[in-house]
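# Structure assessment
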Amino acid sequence: MSIALRAVAGSCLLTLLLGAGACDSGTSTTAAPPVASSSAAGFFGGTDLAWVEITIAMNEQLLPLLDLAPTHASDPGLRSLAAEVKTTHEQELSTLRGLHDEARLPAENPHKGMPMPGMVTPEQVTQAAAAQGAAFDKLLAQHLKAHLEQGVKLAESEGKAGLEPRTKDLAAQVLAGCRQFLAQLPATKFSGK
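So, here is what we can say about the structure in this document. Predicted model only: the values in this text are computed from it and were never measured. (Residues numbered from 1 in each chain as written. Predicted model: local features only at pLDDT ≥ 70, side-chain atom pairs only at ≥ 80, totals over all residues. Heavy atoms only, no water.)

### Concerning empty space enclosed by the protein
- Applying the stated rule across the entire model yields one cavity of 30 Å³ or more.
- Of the pockets and cavities examined, the largest cavity occupies roughly 80 Å³.
- Of all the secondary structure elements, the ones that give two or more residues to the lining of the largest cavity are helix 2 (46–72), helix 3 (76–102), helix 5 (133–161) and helix 6 (165–184).
- Classifying every residue of the lining of the largest cavity gives six nonpolar, five polar and one charged. (1 Å grid on protein atoms, 1.4 Å probe; cavity = no way out; pocket = protein on both sides within 12 Å on 5 of 7 lines; lining within 4 Å. Points joined across faces, edges and corners; volume = space filled by probe spheres on them. Helix = DSSP H or I, 4+ residues; strand = E, 2+ residues; numbered from the N terminus. Nonpolar A, V, L, I, M, F, W, Y, C, P; charged D, E, K, R; others polar.)

### Quick look at the environment of P106
- With respect to the helices and strands, the residue P106 is situated in the loop between helix 3 and helix 4 (122–129).
- Judged by its relative accessible area of 28%, P106 falls in the partly exposed class.
- Through-space distance from the C-alpha of P106 to that of E53 is 9.6 Å; in sequence the pair is 53 residues apart. (Buried < 20%, exposed > 50% of the residue type's maximum accessible area, 1.4 Å probe, protein only.)

### Brief notes about the side chain of H100
- Structurally, the position occupied by H100 is in helix 3.
- Classification of H100 by relative accessible area gives buried; the value is 10%.
- Side chain to side chain, H100 and D101 meet in a polar contact 3.2 Å long.
- Contact partners of H100, with chain neighbours within four places excluded, come to V52, I56, L105, P106 and A107. (Polar contact = N/O pair within 3.5 Å; in protein donor to acceptor, adjacent residues only side chain to side chain. Contact = heavy atoms within 4.5 Å.)

Put into structure tokens, the structure is as follows:
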């Protein structure tokens with residue numbers, strides 16, 4: 001299988017995991033051939049490239065929701081969890097952006113604003129901003145749960161199909177973090193059950 005074809009296959013795999021339904025290798029920037037790096041593997045594969053871009057977009061779009069927690073949430077545990085997730089995601093973003101730049105991915109992220117499982121939309125942030133107390137807590141918990149569950153799926157995919165060692169290591173850290181945060185999230189308290 002050629003390097004370019006592997007890149008397209010990796011991008012398609014992540015697209016399927018996201019539930020996007022289709023893979024158009026003609027327009028996706030993640031379908032570009034892997035770029036040389038200083039890593040032991042020597043290049044970023046298609047899954048690596050797609051995972052970096054998707055994770056950047058997901059983390060960036062979650063942050064505005066997390067920013068609301070200190071003033072809108074009534075549950076102290078949920079406020080604390082939101083602060084912890086925010087700190088972790090900001091640290092991850094720093095590393096992800098470094099990998100993004102090293103891989104010479106385009107400045108415009110094709111996944112930003114893309115409707116996909118776990119992606120917090122600007123409309124959802126607006127809805128949450130209009131809520132206070134228990135109503136906000138419920139929205140925050142639901143969006144955070146979806147985000148973290150999708151983060152687990154994506155990180156597992158990178159762990160299985162990724163090629164670039166530092167990207168795979170970061171995915172393993174993201175996977176552990178998402179699982180830890182999910183365990184801390186009071187699943188039924190805010191689900192309306």
